[in-house]
Amino acid sequence: MELIEVSRERDVAIIKPQLKRIDASVALSFKEAVLKVVESGEKAVVLDLEMVQFMDSSGLGAIVSVLKALGTRGLLAVCNVKGAVLSLFKLTRMDKVFVIADTPSDAIDRLS
């Protein structure tokens, strides 16, 4: 099974994890898969977390690593963050670090 699905809209890579859980058991593989997309030259990335129902600190760390990899030359937004995953973002104050949008289109608009 593929860990992520990648599509493009308006020069933005939309990365959709194909996982219900991003935890210690898959965080490293997930991070490597997303970093491959970033390293291919993408400057703007939206992580669509629609399918993700649970994320632990290692999953959040993987997303932070992607943000660091983009550095000052790139942009990252997350969308479709709900339930326990949204709670994790708020609890760790990562909702202040990441652009969080409702839909992929909203996220793309916020990155523009």
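Please read these numbers as outputs of a predicted model, since none were measured by experiment.

## Concerning the sheet that holds strand E7 (residues 99-101)
Taking strand neighbours across the sheet as the criterion, the five strands line up as E1-E2-E4-E6-E7 in an open arrangement whose pairing is mixed. Strands with a single pairing partner mark the edges of an open sheet, and in this sheet they are strand E1 (4-9) and E7. Going across the sheet, the axis of each strand differs from the next one's by a mean of 25 degrees, ignoring polarity. In terms of strand pairing, strand E4 (residues 44-48) meets strand E6 (residues 75-79) through five bridges, oriented parallel. The partner of Asp-48 across the bridge, within E6, is Cys-79. Here helix H1 (residues 27-39) sits on the sheet and contacts E1, strand E2 (12-17) and E4; the angle it forms with E1, its principal contact strand, is near 25 degrees.

## Side note on the pattern of salt bridges
By the definition in use, this model includes six salt bridges. The salt bridge partner of Arg-10 is Asp-109, with a shortest N-O separation of 2.9 Å. Residue Arg-10 is located in the loop between E1 and E2, and its partner Asp-109 is located in helix H4 (residues 104-111); the two are separated by 99 residues in the primary sequence. Of the charged contacts in the structure, one is a salt bridge between Asp-23 and Arg-21, with a shortest N-O distance of 3.2 Å. Classification of Arg-21 by relative accessible area gives partly exposed; the value is 44%. Through salt bridges with shared partners, a single network forms among Arg-8, Asp-11 and Glu-42.

## Here we look at the packing of H1 against helix H2 (residues 57-70)
The geometry of a pair of packed helices is captured by two quantities: the angle between their axes and the separation between those axes. Two numbers describe how H1 lies on H2: the axes approach to 9 Å, and their chain directions differ by 20 degrees. Considering the angle they form, H1 stands roughly parallel to H2. Of the two elements, H1 crosses H2, and the hand of that crossing is right-handed. For the pair H1 and H2, contact is made by Ala-27, Phe-30, Lys-31, Val-34, Leu-35 and Val-38 and by Ser-58, Gly-59, Ala-62, Ile-63, Ser-65, Val-66, Ala-69 and Leu-70, respectively. Taken together, the residues of the contact of H1 with H2 sort by class into ten nonpolar, three polar and one charged.

## Quick look at the nonpolar core
With 30 residues, the main nonpolar core has Phe-30, Leu-47, Leu-49, Met-55, Ile-63, Leu-76 and Phe-89 as its most contacted residues. Secondary-structure elements contributing two or more residues to this core are E2, H1, E4, H2, E6 and helix H3 (83-91). Of all the elements, H1 adds the most residues to this core, at six residues. Phe-30 has contacts with Leu-3, Ile-4, Pro-17, Ile-22, Leu-47, Ala-62 and Ile-63, leaving out every residue within four places of it along the chain. Within the second largest apolar cluster, ten residues are counted, among which are Ala-44, Val-46, Cys-79 and Leu-111.

## A short note on the side chain of Lys-16
Mapping Lys-16 onto the fold places it in strand E2. Within the local environment of Lys-16, its side chain forms a polar contact with the side chain of Glu-50, the two groups lying 2.7 Å apart. Dropping the residues within four chain positions of it, Lys-16 is found in contact with Leu-3, Ile-4, Glu-5, Asp-48, Glu-50 and Met-51.

The rules behind these values
- Residues numbered from 1 in each chain as written.
- Predicted model: local features only at pLDDT ≥ 70, side-chain atom pairs only at ≥ 80, totals over all residues.
- Heavy atoms only, no water.
- Pairing = 2+ DSSP bridges.
- Helix = DSSP H or I, 4+ residues; strand = E, 2+ residues; numbered from the N terminus.
- Axes fitted to C-alpha atoms, helices over the stretch in contact; angles between N-to-C directions.
- Contact = heavy atoms within 4.5 Å.
- Salt bridge = Lys/Arg side-chain N within 4 Å of Asp/Glu carboxyl O.
- Buried < 20%, exposed > 50% of the residue type's maximum accessible area, 1.4 Å probe, protein only.
- Parallel < 35°, antiparallel > 145°, perpendicular 65-115°, else oblique.
- Left-handed = near helix turned anticlockwise from the far one by under 90°.
- Nonpolar A, V, L, I, M, F, W, Y, C, P; charged D, E, K, R; others polar.
- Core = buried A, V, L, I, M, F, W, Y, C linked by side-chain atoms within 4.5 Å.
- Polar contact = N/O pair within 3.5 Å; in protein donor to acceptor, adjacent residues only side chain to side chain.

Everything listed here is a matter of coordinates, which is why it stays silent on function.
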